[in-house]
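# Coordinate analysis (summary)
One-letter residues, chain by chain:
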Amino acid sequence: MPENTVTLSATFQPPFTFYAKLPSAKSIRLLRLHPGEDDEKIRCSLETFEDFRSLPRYHALSYCWGRGNDLTDLSCNSEPFVVTQNLYAALHHIRQRGQFDLIWADAICINQSDLLERNQQVSIMDKIYLHASCIFVWIGPSDEDSMKIMTAIRKIAHRIHNSYNPDVSIHPWLSILSAKEDKGRIISEAYPITVTDFSDAEWRSFWHFYQADWFFRVWVVQEVRQGPDVRLICGNLEIEWDLVALSASWAWRGALQDPVTHWKKEYFESYNGFINANFMWDQALSTRRQAPFLALLQLARPLRSSDPRDKVYAMLHHRIDQHVIDERGQLFERRLYPSWPQNMPRTHLDLQPDYNMSTYELYRKVALQSLQQYQSPEVLCYAWQTAHYSSSWPSWIPRWDIPNSHVIPVLLPFLYNAARGSSMVYCFNSTIDSLSVRGLNLGSLVETTSVLNYQSIENRETGLDNSTIKSNLLTILRLITQDRWQLDMSSETTATRSQTQLQAQFANFSSYILRFVQNTQDGGYISLYSIWCSICGKYVSALSGEASSIPFSLYNCNICRNGDFDICTDCYRKGIRCEVSSHRLEHLETTSLWIPYSDEVIEILKVHAANGQYKQFHLLLSQSCRRMAFFKTSRGWHGTASVAMKPRDTIVILFGSRVPFVLRKHGSEYRVVSDCYVQGLMDGEAIDMWTNGFGFEFVDVNIKLSRIIAEITLMTDNVKK
């Protein structure tokens with residue numbers, strides 16, 4: 001939609017009298033293409049329709065506007081009208097097909113210079129695509145590989161269909177499959193991915209197809225989700241959208257199942273194109289989070305928009321199926337958002353498109369209305385991930401305009417209940433944009449490290465018995481996984497706490513660790529997640545291979561490529577630095593585990609590894625340990641948080657929150673650094689201790705903050721372990 005209007009509106013602006021005012025907020029214009037020869041300039045005209053009841057048959061166009069300096073003109077209502085080359089090419093292709101039905105194309109059908117009209121049209125965008133008889137997805141011209149890719153996509157889709165349900169024709173089956181919550185399992189089981197399915201060149205072409213700009217555009221999510229008949233067009237080639245989405249889902253889930261074997265970097269530099277296509281295909285987002293709309297915005301981070309406000313507006317009508325969890329962690333009820341009381345459509349958080357509002361004002365409104373509607377400080381779980389990008393913003397307001405292509409969710413908040421039984425207490429100061437929230441102070445950080453080193457598990461030196469060694473290994477297991485068990489990594493709703501499957505979890509853990517240490521006599525450092533150099537492409541650390549005698553290290557820029565710019569030590573020694581010379585590179589050790597060798601440790605691992613699945617544990621670590629480090633507090637608590645934490649940061653449990661947070665004090669002010677996992681305090685234990693008066697001195701501290709810092713009101717600094 002109007003995502004490019006910030007860049008293009010001045011160029012696109014037609015004469016003031018070109019557009020007649022729409023009769024009502026439910027009225028739309030449609031474009032009628034006129035016949036013409038192949039080399040003849042496109043001619044079209046606009047027709048206005050009062051409401052959806054009066055609409056004739058029409059097609060809707062889903063496309064990327066293209067570059068603002070790559071322009072051409074067509075004739076609309078017998079007047080010159082400037083459009084991007086990409087839109088012109090899409091309309092030219094439709095005319096070549098001999099189809100002269102009415103078409104909806106946002107850049108022409110909406111008066112982009114009229115803010116009121118833009119607001120109204122964006123608010124009914126979902127209906128415009130829903131009522132279209134067909135949606136044409138234009139991804140650009142074809143090339144020499146396009147036909148091969150289309151053939152491969154059809155082959156993948158038909159093989160999955162024939163393996164699972166050949167008795168039903170493929171297109172009705174695909175419509176049913178797209179709405180299933182367990183479609184990932186169905187796809188994976190029907191057609192297990194193997195690298196020999198395609199040649200190296202075919203894999204690379206397959207990946208490149210899903211890197212088209214269209215797959216990264218935020219507005220297309222609701223465009224393809226609404227229509228009953230969606231067709232993707234690449235030059236003169238055409239294919240059903242469901243087939244394209246199914247193949248993307250297949251490739252992504254194959255990588256999740258076995259990234260070491262199938263997800264080779266020489267094939268795929270990233271899998272965001274596959275993830276985005278799968279996200280577009282989902283009929284609704286299923287989530288167990290307390291703030292479901294924020295979870296949706298988080299998933300949409302990799303999608304792009306030239307106007308940062310569209311990162312919110314494009315998601316206002318996206319359906320969400322919230323699984324509400326009770327105090328025992330059990331499913332209590334399911335709620336569908338947005339809701340429709342009295343047949344009146346609503347949007348998430350009751351937000352309406354308003355392009356008179358600045359980006360900052362909109363994002364602040366999203367944060368505040370999430371606090372009010374969800375009665376949860378979960379917004380802080382998203383805010384800390386972008387807080388370091390701009391010190392001019394309060395650290396409690398998430399920056400949804402920062403793509404953050406590798407989103408780093410340290411925790412799944414719904415798994416825990418750190419502030420069990422308490423209600424959120426907050427106050428907003430609109431004068432200085434500060435947020436005051438209340439909670440329990442668990443003390444400050446005295447140690448932070450990327451390497452978890454548990455010397456006490458070595459029986460030879462400590463004299464511990466086997467049961468104690470196993471207990472310490474379980475402690476390590478819970479820390480590096482944040483006490484999380486999850487079989488289907490593509491769906492967080494399947495995640496549970498480790499204790500529900502502790503025997504299987506420990507078997508997977510033992511199998512994974514044993515692969516590293518069984519052939520060493522001195523123990524070693526085991527990498528807990530994979531990182532490769534952004535310059536040479538070589539792995540700095542990997543979730544396979546042998547234990548190392550020294551910790552893995554790298555140099556990181558937390559600004560370039562949204563914090564995902566890493567340089568290996570070899571490239572650094574050659575004088576290679578980050579993409580912007582003024583940026584500061586930080587030397588980091590990667591998240592690792594030190595396991596000392598002993599016969600007793602190896603024997604325990606061997607006993608429990610017999611039925612373990614190390615690949616499953618590998619996948620869990622790739623989610624739980626990315627950019628994560630370990631800490632110890634002044635009160636003796638151990639835990640994990642983002643690598644951004646530092647000694648002297650403060651750990652708090654905010655009332656109404658499911659997870660603790662790391663805060664950093666600046667004078668009398670605080671900023672949110674990270675959410676965190678604190679071993680032994682994730683199920684309301686701190687609240688119980690405070691309620692029972694164990695060493696607590698009631699303290700109510702009111703902290704006044706400047707505009708750029710989030711205010712935190714803390715209660716008591718005397719939590720005892």
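Residues numbered from 1 in each chain as written. Predicted model: local features only at pLDDT ≥ 70, side-chain atom pairs only at ≥ 80, totals over all residues. Heavy atoms only, no water.

## Observations regarding the state of the cysteines
- Inspection of the entire model under this criterion finds 0 disulfides.
- Cysteine 44 takes part in no disulfide bond, and the closest cysteine sulfur to it belongs to cysteine 76, at a distance of 3.8 Å.
- Look at cysteine 44 and you get buried, because its relative accessible area is 2%.
- Sulfur of cysteine 536: no disulfide; nearest cysteine sulfur belongs to cysteine 533 and is 3.7 Å away.
- In this structure cysteine 536 comes out as partly exposed when scored by relative accessible area, which is 37%. (Disulfide = S-S within 2.5 Å. Buried < 20%, exposed > 50% of the residue type's maximum accessible area, 1.4 Å probe, protein only.)

## Re the side chain of aspartate 649
- Topologically, aspartate 649 is positioned in the loop between strand S26 (638-642) and strand S27 (650-654).
- Within the local environment of aspartate 649, its side chain forms a polar contact with the backbone nitrogen of lysine 646, the two atoms lying 2.7 Å apart.
- Here aspartate 649 is in contact with Gly443, Ser444, Leu445, Val662, Leu663, Arg664 and Val673, once residues within four sequence places are set aside. (Helix = DSSP H or I, 4+ residues; strand = E, 2+ residues; numbered from the N terminus. Polar contact = N/O pair within 3.5 Å; in protein donor to acceptor, adjacent residues only side chain to side chain. Contact = heavy atoms within 4.5 Å.)

## Here's the deal with the packing of aromatic side chains
- One pass over the full model with this rule turns up 27 aromatic pairs.
- Relative to phenylalanine 81, the ring of phenylalanine 18 has its centre 5.5 Å away and its plane inclined at 50°; by these criteria the two rings are tilted. With a gap of 63 residues between them, phenylalanine 18 in the loop between helix H1 (5-12) and strand S1 (28-33) and phenylalanine 81 in strand S5 (residues 79-84) connect regions that are remote in the sequence.
- Phenylalanine 18 gets classed as buried once you look at its relative accessible area, which sits at 8%.
- Overall, phenylalanine 81 belongs to the buried group, its relative accessible area being 2%.
- Here a set of aromatic residues connected by ring pairs shows up, and it is made of Trp203, Phe206, Phe209, Tyr210, Trp214, Phe215, Trp241, Trp250 and Phe274.
- Residue placement shows arginine 515 over the ring face of tyrosine 614; its charged tip is 3.9 Å from the ring centre. (Phe/Tyr/Trp six-rings, centres within 6.5 Å; stacked < 30°, edge-to-face > 60°. Lys NZ or Arg CZ within 6 Å of the ring centre and 35° of its normal.)

## Observations regarding the pairing of S1
- Where burial is concerned, most of S1 is hidden: 5 out of the 6 residues are buried.
- With 6 bridges connecting them, S1 and strand S2 (residues 43-49) associate as antiparallel partners. Bridge pairing in S2 places arginine 29 opposite threonine 48.
- Bridge count between S1 and strand S6 (residues 102-104): 2 bridges; the pairing is antiparallel. Note that in S6 the partner of arginine 32 across the bridge is leucine 102. (Pairing = 2+ DSSP bridges.)

## So, the confidence of the model for the protein chain
- Per-residue confidence for the protein chain gives a mean pLDDT of 83; residues scoring 70 or more make up 85%.
- When pLDDT is averaged over each element of the protein chain, helix H15 (residues 310-313) comes out on top at 96 and H1 at the bottom at 42.
- Scored below 50 in pLDDT, residues 456-462 shows 23 contacts in the model against residues more than four places distant or in partner chains.
- Note on residues 695-721: pLDDT under 50 across the span, and 101 contacts to partners over four residues away in sequence or across chains. (pLDDT = per-residue confidence, 0-100.)

## So, unusual backbone geometry
- With an omega dihedral of -15°, the bond running from tyrosine 337 to proline 338 counts as a cis peptide bond.
- Along the polypeptide, proline 338 turns up in the loop between strand S12 (331-337) and helix H16 (359-374).
- Its identity as a non-glycine residue notwithstanding, arginine 627 has a phi of 55°, on the positive side.
- Considering the arrangement of structural elements, one finds arginine 627 in the loop between helix H23 (614-624) and strand S25 (628-633).
- Looking at arginine 627, the relative accessible area reads 8%, which means it is buried.

## Digging into the environment of alanine 418
- Mapped onto the elements, alanine 418 comes out in the loop between helix H17 (379-387) and strand S13 (426-429).
- Relative accessible area serves as the criterion here: at 0%, alanine 418 is assigned to the buried category.
- For the pair alanine 418 and arginine 658, spaced 240 residues apart in sequence, the C-alpha separation works out to 4.9 Å.
- Ignoring any residue separated from it by four or fewer positions in sequence, one finds alanine 418 in contact with Ile653, Ser657, Arg658, Val659, Pro660, Leu681, Met682, Asp683, Gly684 and Ile687.

## Considering the pairing of S26
- The element S26 is largely enclosed, with a buried count of 4 among its 5 residues.
- Counting the residues between successive antiparallel strands, the hairpin from S25 to S26 contains 4 residues, one of them, glycine 636, with a positive phi of roughly 95°.
- One ladder, built from 3 bridges, connects S26 with strand S29 (residues 669-678); its direction is antiparallel. Its bridge partner being in S29, alanine 641 is matched across the sheet by cysteine 676.

## Quick notes on the packing of helix H19 (residues 466-481) against H23
- Where H19 meets H23, the closest approach of the two axes is 9 Å, and the angle between their N-to-C directions is 55°. One finds that H19 runs oblique with respect to H23. From H19, Leu477, Ile480 and Thr481 reach across to H23, where they touch Phe617, Leu620, Leu621 and Ser624.
- Class assignment for the residues of the contact of H19 with H23 results in 5 nonpolar, 2 polar and no charged. (Axes fitted to C-alpha atoms, helices over the stretch in contact; angles between N-to-C directions. Parallel < 35°, antiparallel > 145°, perpendicular 65-115°, else oblique. Nonpolar A, V, L, I, M, F, W, Y, C, P; charged D, E, K, R; others polar.)

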